[in-house]
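Coordinate inspection notes
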Amino acid sequence: MSPLALTGLIFGVMLLLMAIRTPIAISMFIAGCIGYVLQSGLAPLESFLNTQAFARFASYDLSVIPLFILMGHFATQGGISKALFEFASAVMSRFRGGLAMAAVMACAAFGAICGSSVATAATITSVALPEMKRHGYSGRLATGTLAAGGTLGILIPPSVPLVIYAILAEQNIAKLFAAAMIPGLIAMVGYMIAIAIYVRVVPGHAPEREEATRMTLNALSGVIPIALIFGLVFGGIYGGLFTPTEGAAVGAASTFIAALLKREMTWQKFKHCFYATAEGSAMIFMIFIGADVMNAALALTQVPGQLAAVVGSWGLSPVMVVAAILLFYVVLGAVMDELSMILLTIPIFFPMVMSLDFGMSREYTAIWFGIMVLMTVGFGLLAPPVGLNVYVVNGMAKGVPIWESYLGVMPFLVSDTIRTIVLLLFPPISLWLVKYIG
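Predicted model, so just to flag it, every value in this text is computed and none were measured.

A separate point is the packing of helix 4 (residues 64-77) against helix 10 (residues 160-169). Contact pair helix 4 / helix 10: the axes reach a minimum separation of 10 Å and the direction vectors enclose 170 degrees. With respect to helix 10, the element helix 4 is oriented roughly antiparallel. Contacts between helix 4 and helix 10 involve Val-64, Ile-65 and Ile-69 on the former and, on the latter, Val-160, Val-163 and Ile-164. Here the contact of helix 4 with helix 10 is composed, by residue class, of 6 nonpolar, no polar and no charged.

See the structure below:
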């Protein structure tokens, strides 16, 4: 069997297993094992599996993932999300579509201590959706806004996918977080502009006049813990007081204290935080193993290297090559989640991108490419036919057809497209804060 045919077989087996609802980690693991055995035999595969798990999980940097996940669960169970939405509602209630804009702001603020897109979408939806319905927002706009806002959970640091990229590409996590700050804020502002345009161009999806919301002391005090935690974690990291991993531990402990002070953290919620963190971390680490086996099988075919050579022979500009990779991520997002995409493709695409000349240092090129990948996998969380965030939010919005939710995210996908093109053509936007980090 030719290397190209074998590569097609590996991906075909993976997609077939996914189609019959096999977990994606198992699908990649089985497909990778089949490809590995067909090329090298069973004994080499057994030897590889015997050492790979320890080699992968012995990395100290990986401990940042469960810590950031735990931080997000403490924030969710501690009732912090409700105060965030109340504060954002009071700030934005004077604008038409203000409640939808407030939901986006709340998602951005919650994402600053969460790191998960799905968790951000589900948490803010549970608070914001009933209020949006009560004020007369259509199911289309409400669910579309909350699904799109949820992507800010990974666009604004801390971001679990960005941590995984940093580990795979061997880049500085703190610098990647800094690079994601401005694009994440641009995403938030872009979503709010999309809402402002949509409610005027397409009438009937938001009330003509918003009901003014008073700023309460409770709402204001609820935002203070978020600001303090964010300042403590990232101020400590960039101030050289502790590493990103230590910062994640400090953030988790601080969020737990904030939850205790709000008096909403019960013993049952406390246990749930750890159980949910264990489940989420185990899922991510299983995907690590599956992707490692599949990438090893693909490496044996030597197709990734041949692909890089073929792309290089086309004579395309470096920006066009990255644009083609990003389009591939958009297509791949129709069948895979963001973590699986990053784990499966970065070992293939990263060396290809690093071989190109963008007029920047290798470190800046790697950081910029990581931000571009992050922006594009966020697109995949919204785009049909899958759009994981859309499914999560729609499942919580009883009586709203799924096609209405997909229509609701279309204005935000336009905003995503514009933002991605701008960041692709102007890398300094992503790299502006990085140059201030030693």
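More follows now that the structure is in view.
Here we take up the side chain of Ser-430. Note that Ser-430 resides in helix 21 (residues 428-431). We classify Ser-430 as buried; its relative accessible area is 1%. For Ser-430, the residues in contact, after removing those within four places along its chain, are Ala-179, Pro-183, Trp-368, Ile-371 and Leu-423.

This paragraph deals with helix 20 (residues 402-425). Taking 1.5 Å per residue as the helical rise, helix 20 with its 24 residues ought to reach 34 Å, and the 34 Å between its terminal C-alpha atoms agrees with that figure. Of all the bends in helix 20, the greatest reaches close to 35 degrees and is centred on Met-410; the proline Pro-411 follows between one and four positions later.

Quick look at the side chain of Asn-389 now. Inspection of the secondary structure puts Asn-389 in helix 19 (residues 388-396). On the basis of relative accessible area, Asn-389 is assigned to the buried category, the value being 0%.

This paragraph deals with unusual backbone geometry. Peptide bonds are, in most cases, trans, and in most cases residues other than glycine have a negative phi. The peptide bond linking Pro-157 to Pro-158 adopts the cis configuration, its omega dihedral lying at 0 degrees. Considering the arrangement of structural elements, one finds Pro-158 in the loop between helix 9 (152-155) and helix 10. For Arg-21, which is not glycine, the phi dihedral falls at a positive 70 degrees. Checked against the element boundaries, Arg-21 lands in the loop between helix 1 (3-19) and helix 2 (24-40). In the Ramachandran plot, Arg-263 falls in the positive-phi region, its phi being about 60 degrees despite a non-glycine side chain. Residue position: Arg-263 is located in the loop between helix 13 (244-261) and helix 14 (267-301). For Arg-263, a relative accessible area of 77% gives the class exposed.

Cut-offs applied
Residues numbered from 1 in each chain as written. Predicted model: local features only at pLDDT ≥ 70, side-chain atom pairs only at ≥ 80, totals over all residues. Heavy atoms only, no water. Axes fitted to C-alpha atoms, helices over the stretch in contact; angles between N-to-C directions. Helix = DSSP H or I, 4+ residues; strand = E, 2+ residues; numbered from the N terminus. Parallel < 35°, antiparallel > 145°, perpendicular 65-115°, else oblique. Contact = heavy atoms within 4.5 Å. Nonpolar A, V, L, I, M, F, W, Y, C, P; charged D, E, K, R; others polar. Buried < 20%, exposed > 50% of the residue type's maximum accessible area, 1.4 Å probe, protein only. Expected span 1.5 Å × (residues − 1). Bend = angle between axes of the 7 residues up to and from the residue.

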